[in-house]
Amino acid sequence: MDWTEWLYIISGFLIFVVIIVAIVAQAKVYSAYDKYSKKTSSLGLTGQMLAQKLCEQNNLALTIRSCSGKLSDHYNPKDKSINISQENFNSSSVASIAIVAHEFGHAMQDQEEYAPLKIRQFAIKVSSFASKALLPFLIVSILLSIFIGYVGTIMLFVVVVVYAFSLFINLVTLSVEVDASNRAKKMLSTMISDEEEQKAMSNMLSAAAMTYVASMLVSLVYFLRFLSLFLMSRRD
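Chemist: Could you give an account of the overall build of the protein, with specific residues and numbers?
Modeler: The helix and strand inventory of the protein stands at seven helices and three strands. For the protein, the sequential pattern of α-helices and β-strands runs α-α-β-β-β-α-α-α-α-α. Across the protein, the fraction of contacts at a sequence separation of at least 24, relative to all contacts at a separation of at least 6, is 75%. A total accessible area of about 12,900 Å² is found for the protein, and carbon and sulfur atoms account for 64% of it.

Right under this line is the structure:
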């Protein structure tokens, strides 16, 4: 067997490994959230109040609103809004404070025109367009493959490109999320003196970051899997 066959076999095994890693990472996020949502922060602020205070301190005019869904908190650069899940909006827990500070970190990235954030926004737009065009392309390719043998290789190449782009988006997203968490930790370290509470918030943010690491690993392994298939099809 040559290296492409070994890559195919190894990537097939790694698919199961990274899926398990992704499941464990997601479970740890919920576990950390459930743990730290029961601990009250010494700040004495709710998630909404913290967001408002950070806006005032940094001279940012943002819309602060609540949204439905557990851990659905997010920053929307389109309308400059921090959307806080209902559980965190009126909560003063350690988990709520950490999450809101993280989302405000994204707002700061947007204000500073942080390059990875801009790249991710553009990449997501391209990805959305490509996903709509992919299905019709695959259908046409399958029909053509009945008459033209090499179309199958072209299809594999397109899949490889799709997963390469997915890997790129996940790498950029990981960079954006880690930076937002670092900003959150820096902001909170100036507001909270309790070292144990700082550590708890750091643990909460680190658990969330691991889900992005897991997503990146999943896309990497699938990229290698289809790359090996493409290279083997060209050899044959």
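Picking up after the structure, the text goes on.
Chemist: Could you give an account of the pattern of salt bridges, with specific residues and numbers?
Modeler: Under the criterion given, the structure shown has seven salt bridges. Between Asp110 and Lys80 there is a salt bridge, with its nearest N and O atoms 2.7 Å apart. Taken together, the residues Asp110 in helix 4 (residues 94-111) and Lys80 in the loop between strand 2 (74-76) and strand 3 (81-85) connect sequence positions 30 residues apart. Where Glu112 meets Arg183, a salt bridge forms, and the shortest distance between an N and an O atom there is 3.0 Å. Within this pair, whereas Glu112 is found in the loop between helix 4 and helix 5 (115-145), its partner Arg183 is found in helix 6 (residues 151-189), the two being separated by 71 residues in sequence. Residue classification places Arg183 among the buried positions, given a relative accessible area of 15%. Each member of the salt-bridge network shares a partner with another, and the members are Lys80, Asp110 and Lys118.

Chemist: Got a sec to walk through the packing of helix 2 (residues 47-57) against helix 4? Specific residues and values, please.
Modeler: Contact geometry for helix 2 and helix 4: axes closest at 9 Å, N-to-C directions at 35°. Judged by the sense of rotation from one axis to the other, the crossing of helix 2 with helix 4 is right-handed. Contact residues: helix 2 offers Gly47, Leu50, Ala51, Leu54 and Cys55, while helix 4 offers Ile97, Val100, Ala101 and Phe104.

Chemist: Give me the packing of aromatic side chains: which residues, what numbers.
Modeler: As enumerated under the stated definition, the model contains four aromatic pairs in all. With a centroid separation of 5.6 Å and 50° between ring planes, the pair formed by Phe157 and Phe230 is classed as tilted. With Phe157 in helix 6 and Phe230 in helix 7 (residues 195-235), this residue pair connects regions lying 73 residues apart in the sequence. Residue class for Phe157 comes out partly exposed when judged on its relative accessible area of 44%.

About the cut-offs
Residues numbered from 1 in each chain as written. Predicted model: local features only at pLDDT ≥ 70, side-chain atom pairs only at ≥ 80, totals over all residues. Heavy atoms only, no water. Helix = DSSP H or I, 4+ residues; strand = E, 2+ residues; numbered from the N terminus. Contact = heavy atoms within 4.5 Å. Areas by Shrake-Rupley, 256 points an atom, 1.4 Å probe, with all protein chains shown as cover. Salt bridge = Lys/Arg side-chain N within 4 Å of Asp/Glu carboxyl O. Buried < 20%, exposed > 50% of the residue type's maximum accessible area, 1.4 Å probe, protein only. Axes fitted to C-alpha atoms, helices over the stretch in contact; angles between N-to-C directions. Left-handed = near helix turned anticlockwise from the far one by under 90°. Phe/Tyr/Trp six-rings, centres within 6.5 Å; stacked < 30°, edge-to-face > 60°.

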